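Below are the chains, spelled out letter by letter.
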2 protein chains.
Amino acid sequence: RAVRGLLLDVSGVLYDSGADGGVPIAGSAEAVRRIKASGLKLRFCTNETQATRESFVKKLRGLGFDISVAEVTAPAPAACTILRERGLRPHLLVHDDLVPEFAEIDKTNPNCVVLGDAAENFTYANLNEAFRVLIGMDKPVLISLGKGRYYKETDGLKLDVGAYMKALEYACDVQAEVVGKPAKRFFESALTEMGVPPEQAIMIGDDIVNDVGGAQRCGMRALQVRTGKYRPSDENHPDVKPDAYVNNLAEAVDIILKQL
Amino acid sequence: RAVRGLLLDVSGVLYDSGADGGVPIAGSAEAVRRIKASGLKLRFCTNETQATRESFVKKLRGLGFDISVAEVTAPAPAACTILRERGLRPHLLVHDDLVPEFAEIDKTNPNCVVLGDAAENFTYANLNEAFRVLIGMDKPVLISLGKGRYYKETDGLKLDVGAYMKALEYACDVQAEVVGKPAKRFFESALTEMGVPPEQAIMIGDDIVNDVGGAQRCGMRALQVRTGKYRPSDENHPDVKPDAYVNNLAEAVDIILKQL
């Protein structure tokens, strides 16, 4: 099948994140340049919710990547689209640095809760407040920016947004709507932005479930890189099999460009 | 069937709790005295985990109740029994006021996590720490003192221990062992302490699931009082039907004593 577009996960594919700003993965910056030179369409498809796209892109440019805000598909803007479509006014429980993404959204008299990886904002008081907003609704609407279980930072493992999503789901007897990978709609919006149908697109990521499984359920092919959060046990995953494994993004791009 | 013993829930049956210490429910103190005068066996069966039994009993005596520590079945001592039986050394994420219940338990080099209603101790840092202890085990052991969804205090609704239990369960892909109502073993230990078989015991509580459903699954009869957290919608519960509804504990005792 012809390939016309690539979707790239960012953390663990382009760079390894950390409190120090992170370090690029060898060969990835050059690989992004080669994709752009080839004429293939390209989107960066990330679940990052601890920063606006602007500051996220600025950090990546500082690490040597050719990337612009217009090329990034991220959960917060996708959530804003949903909020506008449905006339939803969010109570936000998100990271301080993400709040500007919601600047133009009406947040008065909330009729839903938007949950992101709030990190230090996950306080007892803030969780009770988000809970009270939800339980006070006739039909609680909880929108979660991703559903990750945990992630690693330089000072250790941290509970991710998915854990707090489960806490609120249980307390309110409600099911969250997940925006971001692996939600089908999230991948579809990235494809629409590229103007490429799923059967002509390839997702490249380090997360067997959120990147590979999610993309395949949309009809895309998906490669798993052996960088980032990849673990050898992923190759025995009971449900998800990537179309191929590659050592890193540079190798993936070698193989794809050779077959064009 | 003969009745030889009663199990009483405390909060919502004897008194309504609150930051001000709570207020007795009319007729309940007299009802406890009448049970004791009748010769029926009696246990107080509570999921309280924000205080030791000592301070809990002291508060209730101050409200006019004839109650002693030896008559109380509560999750923390039940958890201590399990910890000793299985050689488990807990990392505690509980309320400060509950910690003395675990004074004689070895807590060095933890091989399980015990989760209670930690209230203000449910901080981002403490949750991450409990998570890291769990995820670092070959086979994570999470013991939860109850699984309530939320409760009401004078300053509003609060997330209960069950919500945080779900967060840790999801993050670690593990199922918690629940100590306290509605766990079968918890009711059974209360029955053993009374020396009464389930078919000769009646549970009286305000919680349709944790009190009524839990007791019935142990072979007891169970009455729901229309005080505390009772809501009229409980009478349409899809799974649980009490053996009878009573307006309050005083009415329940009237009916039971008349049939002796």
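Model, not experiment: these values are computed from the prediction.

**Student:** Describe the sheet that holds strand β6 (residues 90–93) of chain B, and please don't skip the residues or the numbers.
**Tutor:** Residue and element names in this part refer to chain B. Strand order across the open sheet formed by four strands is β6-β7-β8-β11, with parallel pairing between neighbours. Because the sheet does not close on itself, it has two edges, and the strands there are β6 and β11 (177–179). If you compare each strand with its neighbour and ignore which way they point, the axes differ by 25° on average. The pairing of strand β8 (residues 142–145) with β11 spans three bridges and is parallel. Residue Ile143 lies in a different strand from β11, and its bridge partner there is Glu177. Against the sheet, helix α4 (residues 124–135) touches β6, β7 (112–115) and β8, its axis set at about 160° to β6.

**Student:** Account for the interface of chain A and chain B, naming residues and giving values.
**Tutor:** Each partner contributes residues to the interface: chain A has 30 residues there, and chain B has 30 residues. Contact between chain A and chain B buries roughly 2600 Å² in total, counting both sides, with carbon and sulfur atoms accounting for 65%. The largest per-residue losses of area from chain A upon contact with chain B belong to Tyr124, Leu159 and Tyr170 of chain A, which jointly make up 32% of the total buried on that side. Inspection of the region where chain A meets chain B yields zero salt bridges. Joining chain A to chain B, the criterion identifies ten residue pairs in polar contact (both at pLDDT 80 or more).

**Student:** Lay out the pattern of salt bridges in plain terms, naming residues and giving numbers.
**Tutor:** Tallied over the entire structure, the rule returns 26 salt bridges over all chains. One salt bridge connects Asp254 of chain A with Arg34 of chain A, and the closest N-O pair in it is separated by 2.8 Å. You can see Asp254 of chain A sitting in helix α8 (residues 249–258) and its partner Arg34 of chain A sitting in helix α1 (residues 28–38), a full 220 residues away along the chain. Overall, the relative accessible area of 33% leaves Asp254 of chain A in the partly exposed class. Taking the shortest distance from any N to any O, the salt bridge between Glu169 of chain B and Lys166 of chain B comes out at 3.6 Å. A residue pair is termed a helical-turn pair when its members lie 3 or 4 positions apart in one helix, as Glu169 of chain B and Lys166 of chain B do in helix α5 (residues 161–172) at three residues.

**Student:** So what's going on with helix α4 (residues 124–135) of chain A? Residues and values would help.
**Tutor:** All names here are of chain A. For α4, built from twelve residues, the straight-helix expectation of 16 Å at 1.5 Å per residue is met to within 8% by its first-to-last C-alpha distance of 16 Å. Those residues of α4 that fall on the buried side of the exposure criterion are Tyr124, Leu127, Asn128, Ala130, Phe131 and Leu134. An end-on view of α4 places all buried positions within 160° of arc, on one side of the element.

**Student:** Describe the relation of the copies chain A and chain B, with residues and values.
**Tutor:** Two copies of the chain are present, and they differ by a rotation about an axis and a shift along that axis. Turning chain A through 180° and shifting it by 0.1 Å along the axis lays it on chain B, with an RMSD of 0.0 Å. In short, the pair behaves as if placed about a two-fold rotation axis. A share of 100% of interface residues in chain A that are also interface residues in chain B marks the association as one of identical surfaces.

**Student:** Give me the lowdown on the environment of Val23 of chain B, citing residues and values where you can.
**Tutor:** All names here are of chain B. Turning to its location among the elements, Val23 is positioned in strand β3 (residues 23–24). A relative accessible area of 47% means that Val23 is categorised as partly exposed. Separated by 37 residues in sequence, Val23 and Leu60 place their C-alpha atoms 9.5 Å apart. Excluding residues within four positions of it along the chain, Val23 makes contact with Tyr15 and Asp16.

**Student:** Any details on empty space enclosed by the protein? Residues and values, ideally.
**Tutor:** All names here are of chain B. For the structure shown, the criterion picks out two cavities of 30 Å³ or more. Empty space within the largest cavity amounts to approximately 50 Å³. Residue composition of the lining of the largest cavity, by class: six nonpolar, one polar and three charged. A volume near 30 Å³ is recorded for the second largest cavity. Taken together, Glu48, Ala51, Thr52, Arg53, Phe56, Ala74 and Glu101 make up the full set of residues lining the second largest cavity. Per-class residue counts for the lining of the second largest cavity are three nonpolar, one polar and three charged.

**Student:** Outline the nonpolar core, supporting the account with residue identities and numerical values.
**Tutor:** One broad trend across soluble globular proteins is that nonpolar side chains are buried collectively. Within the largest apolar cluster, 50 residues are counted, with the highest numbers of intra-cluster contacts made by Leu115 of chain A together with Leu115 of chain B. For this core, the secondary-structure elements that each account for two or more residues are β7 (112–115), α4 and α5 (161–172) of chain A together with β7, α4 and α5 of chain B. Ignoring sequence-local partners within four residues, the contact set of Leu115 of chain B consists of Leu93, Val94, Phe122, Leu142, Ile143, Ser144, Leu145, Val161, Tyr164, Met165 and Leu168 of chain B.

**Student:** Account for the side chain of Asn128 of chain B, naming residues and giving values.
**Tutor:** Along the polypeptide, Asn128 of chain B turns up in helix α4. Leaving out residues up to four positions away in the same chain, Asn128 of chain B has contacts with Leu157, Lys158 and Leu159 of chain A.

**Student:** So what's going on with helix α2 (residues 53–62) of chain A? Which residues, and what values?
**Tutor:** Helical geometry: 3.6 residues make up each α-helical turn, so side chains three or four residues apart lie on a common side. Residue and element names in this part refer to chain A. Regarding α2, the residues found buried are Phe56, Val57 and Leu60. In an axial view of α2, the angular spread of the buried residues amounts to 95°, which keeps them on one side of the axis. Every exposed residue of α2 that faces more than 90 degrees away from the buried side is listed here: Lys58 and Gly62. For α2, the elements touching its buried residues are β2 (15–16) and β5 (72–73). A positive phi of about 100° marks Gly64, the residue just after α2.

**Student:** Quick rundown of the packing of aromatic side chains? Include the residues and the values.
**Tutor:** As enumerated under the stated definition, the model contains six aromatic pairs over all chains in all. Aromatic side chains Phe122 of chain B and Tyr164 of chain B sit 3.6 Å apart centroid to centroid with 10° between the ring planes, which places their arrangement in the stacked category. Taken together, the residues span a long stretch of sequence, with Phe122 of chain B in the loop between β7 and α4 and Tyr164 of chain B in helix α5 at a distance of 42 residues. Taking the relative accessible area as the measure of exposure, Phe122 of chain B reaches 0% and is therefore buried. Residue Tyr164 of chain B is classed as buried on the basis of its relative accessible area of 2%. Members of the aromatic cluster, each reached through a chain of ring pairs, are Phe122 and Tyr164 of chain A together with Tyr124 of chain B.

**Student:** A description of the environment of Glu199 of chain A should follow, citing residues and the corresponding values.
**Tutor:** All names here are of chain A. Note that Glu199 resides in the loop between α6 (184–194) and β12 (201–205). Using a relative accessible area of 40% as the deciding quantity, one classes Glu199 as partly exposed. The spatial distance from the C-alpha of Glu199 to the C-alpha of Thr154 is 38 Å, given a sequence separation of 45 residues. For Glu199, the residues in contact, after removing those within four places along its chain, are Arg1, Ala2, Gly219 and Arg221.

Calculation criteria
- Residues numbered from 1 in each chain as written.
- Chains lettered and ligands numbered in written order.
- Predicted model: local features only at pLDDT ≥ 70, side-chain atom pairs only at ≥ 80, totals over all residues.
- Heavy atoms only, no water.
- Pairing = 2+ DSSP bridges.
- Helix = DSSP H or I, 4+ residues; strand = E, 2+ residues; numbered from the N terminus.
- Axes fitted to C-alpha atoms, helices over the stretch in contact; angles between N-to-C directions.
- Contact = heavy atoms within 4.5 Å.
- Buried area = accessible area lost by both parts, 1.4 Å probe.
- Salt bridge = Lys/Arg side-chain N within 4 Å of Asp/Glu carboxyl O.
- Polar contact = N/O pair within 3.5 Å; in protein donor to acceptor, adjacent residues only side chain to side chain.
- Buried < 20%, exposed > 50% of the residue type's maximum accessible area, 1.4 Å probe, protein only.
- Expected span 1.5 Å × (residues − 1).
- Arc of directions from axis to C-beta.
- Least-squares fit on C-alpha atoms with pLDDT ≥ 70 in both.
- 1 Å grid on protein atoms, 1.4 Å probe; cavity = no way out; pocket = protein on both sides within 12 Å on 5 of 7 lines; lining within 4 Å.
- Points joined across faces, edges and corners; volume = space filled by probe spheres on them.
- Nonpolar A, V, L, I, M, F, W, Y, C, P; charged D, E, K, R; others polar.
- Core = buried A, V, L, I, M, F, W, Y, C linked by side-chain atoms within 4.5 Å.
- Phe/Tyr/Trp six-rings, centres within 6.5 Å; stacked < 30°, edge-to-face > 60°.

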